[in-house]
Amino acid sequence: DPQQMELTTASKRRLRRFIVIDEVVDKLYGSKVRAYFEKNNVQHKILALPTTEETKSMDLVLNILHEVQNFSLDRRTEPIIAIGGGVCLDIVGLAASLYRRRTPYIRVPTTLLSYVDASVGAKNGVNFLQCKNKLGGYTPPVASFLDRSFIQSIPRRHISNGLGEILKMALMKHKGLFDLLKNHGKYLLDTKFQSCNGLANHGDAALQTTRIAIETMLEELAPNLWEDDLDRLVDFGHVISPELEMRVLPSLMHGEAVNIDMAFMTYVAHARGLLDAEEKEQILQCMQGLELPVWHSGCSWALIQRALRERLKHSGGQTRMPLPTGLGVADIFNDTSEETLERAYKLWVKD
């Protein structure tokens, strides 16, 4: 915006920015980030931190806030910038929401999972008492900057991890997205979601897949940003996965735990007669084609029962269970019997 540029360059005060960057991302891109701010004469402080599920705590939030205070950040004109995966974006979002009651922040996702999931919406938080995201709030960023070139440097497993959240939106809302994943999943893994010209039969599958995933996520989140309505299709894959993920850390990544939850719920939908055998198999084959786990030994029947009890506590006394009713269509159910769940579980284990 020329007018904004004129105001910025006319100001006598030097621009200042506080950046929190994941330490792995810092090793890969930190020199470029520093060179960018130096070239543009921006006074900056870059705080590189280990942002993992194991370090996702209030201690790390307070660490950030000490550094923000020392930097003497102006909360009206100097947004905090978060560069990293979903954990980094969550931690910085919570820190920003607490500093002087609310400081603007910007999300720059560097993993596929954070690109299509954590970059969208208002939620932030940290783990507490071995419970996932038990402390947090709803403070949307002032902006999310999306750059798929970051994804080319992440390991293949991390890309598969992000595909779990994309598949969630496909199964809940978009048959076309499901077909994209089914037909181009291996290609997306091989090319690390980079747009490659001249490759026949794929088009720009990376752009189409990420765009549809984000658009469908926004459709669900925007009208219900503060979660006033607890019936949420985006909770698919998040009924038993929080309990499983925290129980087996660090053996499962978030998208992997979500996919195991979705695999079980696919069996539940089949047991209820919502999916036929062919649709169930198509879903499971797509998951395996995306190199996602469809089972984990830690997902015991006792863990499922415990997770469902927790779900009832925090969902107004109802399970509010999102289930696919076909490929790309879904609904919320509160009447799935324990007998149906156990029957689905036994078939899942057997398979």
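Under an unreviewed UniProt entry, the name given to the protein is ARO1 protein, and the organism recorded is Acrocephalus arundinaceus. Entered under Cofactor (unreviewed entry) in the UniProt record, the comment concerning the protein runs "NAD(+)".

K.L.:
I'd like a rundown of the sheet that holds strand S7 (residues 143–144), residues and numbers included.
P.N.:
Spatial strand order, S2-S1-S3-S4-S7: five strands in an open sheet with parallel pairing. Across the chains shown, the open sheet's two edge strands, defined by having one partner strand only, are strand S2 (43–49) and S7. The pairing of strand S4 (residues 105–109) with S7 spans two bridges and is classified as parallel. If you follow Arg-107 over to S7, its bridge partner there is Ser-144. In the packing of helix H4 (residues 86–98) onto the sheet, the strands contacted are strand S1 (16–22), strand S3 (80–84) and S4, and the crossing angle to S3 comes to about 165°.

K.L.:
Which residues make up the environment of His-314, and what values do they have?
P.N.:
By secondary structure assignment, the location of His-314 is in helix H12 (residues 301–314). Note: C-alpha distance between His-314 and Asn-41 (273 residues apart in sequence) is 48 Å. Among all residues touching His-314, those that are not within four sequence positions of it are Lys-134 and Leu-230.

K.L.:
Can you lay out the UniProt feature "domain: 3-dehydroquinate synthase N-terminal" (unreviewed entry) in the protein for me, pointing to particular residues and giving the numbers?
P.N.:
The sites that carry the UniProt feature "domain: 3-dehydroquinate synthase N-terminal" (unreviewed entry) are, in the present numbering, residues 48–160. Counting secondary structure, residues 48–160 comes out at 35% helix and 25% strand; the distance between its end C-alpha atoms is 25 Å.

Criteria and cut-off values
- Residues numbered from 1 in each chain as written.
- Predicted model: local features only at pLDDT ≥ 70, side-chain atom pairs only at ≥ 80, totals over all residues.
- Heavy atoms only, no water.
- UniProt positions renumbered as here; feature names shortened; annotations may be inferred.
- Pairing = 2+ DSSP bridges.
- Helix = DSSP H or I, 4+ residues; strand = E, 2+ residues; numbered from the N terminus.
- Contact = heavy atoms within 4.5 Å.
- Axes fitted to C-alpha atoms, helices over the stretch in contact; angles between N-to-C directions.

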